[in-house]
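Letter by letter, the chains look like this.
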Amino acid sequence: MNGSTKLSLAIALALAGAGNAFALGLGAIQVKSGLNQPLNAEIAVIADSPAEAAGLNVSLAKAEDFQRVGLDRARINIPLDFEVISNGRQPVIRVTTKDAVREPFLDFLVEANWAKGRVLREYTILLDPPVTAPASRGSTATVAPAREAAPANSMPLPPPKAARPAPAPKVKTPRVAAAAPPPKPAPPPKPTPVPKSTPAPERTAASGEYGPVAEGETLSEIARATKDDNTDTNAMMLALLQANPNAFYKDNINALKRGAILRIPSHDDVKSAGKAAAAAAAVRDQN
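Residues numbered from 1 in each chain as written. Predicted model: local features only at pLDDT ≥ 70, side-chain atom pairs only at ≥ 80, totals over all residues. Heavy atoms only, no water.

Chemist: Describe the environment of Ala225, listing the residues and the values that go with them.
Modeler: Within the secondary structure, Ala225 sits in helix α2 (residues 219-226). The spacing of Ala225 and Tyr210 is 15 residues in sequence and 9.7 Å in space, taken between C-alpha atoms. (Helix = DSSP H or I, 4+ residues; strand = E, 2+ residues; numbered from the N terminus.)

Structure, rendered in structure tokens:
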């Protein structure tokens, strides 16, 4: 699975009789895409029989339903497409987007209508950056020239004797008067001084800030780049989170906002974030 998911809310609203109103439900979501890629996910459909899912209509819930569960529909700035298909074992709802998803968190409320009822379910997806393997350096092979095969049943021929070159005729060299000494060469031009290039600005400013956060950059990378040798990476991550709460979604270390400017915490701030063991446990809880 190429993404961490958190199912935070499930609401079922019956529009027909109570006996069979909840015979169909929505299960977990499986994300098959990563950050900065078009969304590709599948939601399991829980039904008593395939016929129960026939005529199932799925869409993004209305704005008033979003408001009832404490969500803002306007924050979804990318269109979501829903399609009911079969994966060979059971019906599933395929959730896709045409454009790439740029934010690591995606909250949305799904509305499913069928003949016997209506279901609302909220899904919160945490998208991980796609992992790419580094290209390995290829070795250059030296190919020796192939030898021409000798015909069968043949004896190797001795190499031909090289003919002696004819002696060169003697040529009388006329006497030449002494030539005047050549003029002294002009001194080479002095090289034009090359102006020194201005170094690129460091991402860590002198004022104790880091940023802006680049696309795909993780908090663990920033923590390792900004901490000293005696500071634990997990404690540094928690201290960065505490010092910059507005730079994260849902107050989670895995949801760092792109373009954010981070304030680098002091040594005392990092120390107050906890010891290495406690910080590691806190990071595991965040994950």
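Right, picking up where we left off after that structure.
Chemist: Could you give an account of the packing of aromatic side chains, naming the residues involved and the relevant values?
Modeler: What the rule picks out here adds up to two aromatic pairs. Put simply, the rings of Phe82, Phe108 and Tyr123 touch in pairs and so form one group of aromatic residues. (Phe/Tyr/Trp six-rings, centres within 6.5 Å; stacked < 30°, edge-to-face > 60°.)

Chemist: Go over the nonpolar core, please, and point to the residues and values.
Modeler: Core analysis: the largest hydrophobic core is formed by 34 residues, its most contacted members being Leu39, Phe82 and Phe108. Among the elements of the structure, β2 (24-31), β3 (38-47), β4 (57-60), β6 (91-100), β7 (105-114) and β8 (117-127) are those that each provide at least two residues to this core. Here this core takes six residues from β7, the largest share from any one element. Setting aside anything within four residues of it in sequence, one finds Phe82 in contact with Val58, Ser59, Leu60, Ile93, Arg94, Val95, Phe108 and Val110. If you look at the next biggest cluster of nonpolar residues, it comprises 19 residues, including Leu219, Ala223, Leu240 and Leu256. (Core = buried A, V, L, I, M, F, W, Y, C linked by side-chain atoms within 4.5 Å. Buried < 20%, exposed > 50% of the residue type's maximum accessible area, 1.4 Å probe, protein only. Contact = heavy atoms within 4.5 Å.)

Chemist: Talk me through the packing of α2 against helix α3 (residues 233-243); I want residue IDs and the actual numbers.
Modeler: Packing of α2 against α3 leaves a shortest axis separation of 9 Å and a crossing angle of 105 degrees. Looking at the two axes, α2 sits roughly perpendicular to α3. Along the contact surface, α2 presents Leu219, Ser220, Ile222, Ala223, Arg224 and Thr226, while α3 presents Thr233, Met236, Met237 and Leu240. Its residues assigned to classes, the contact of α2 with α3 shows six nonpolar, three polar and one charged. (Axes fitted to C-alpha atoms, helices over the stretch in contact; angles between N-to-C directions. Parallel < 35°, antiparallel > 145°, perpendicular 65-115°, else oblique. Nonpolar A, V, L, I, M, F, W, Y, C, P; charged D, E, K, R; others polar.)

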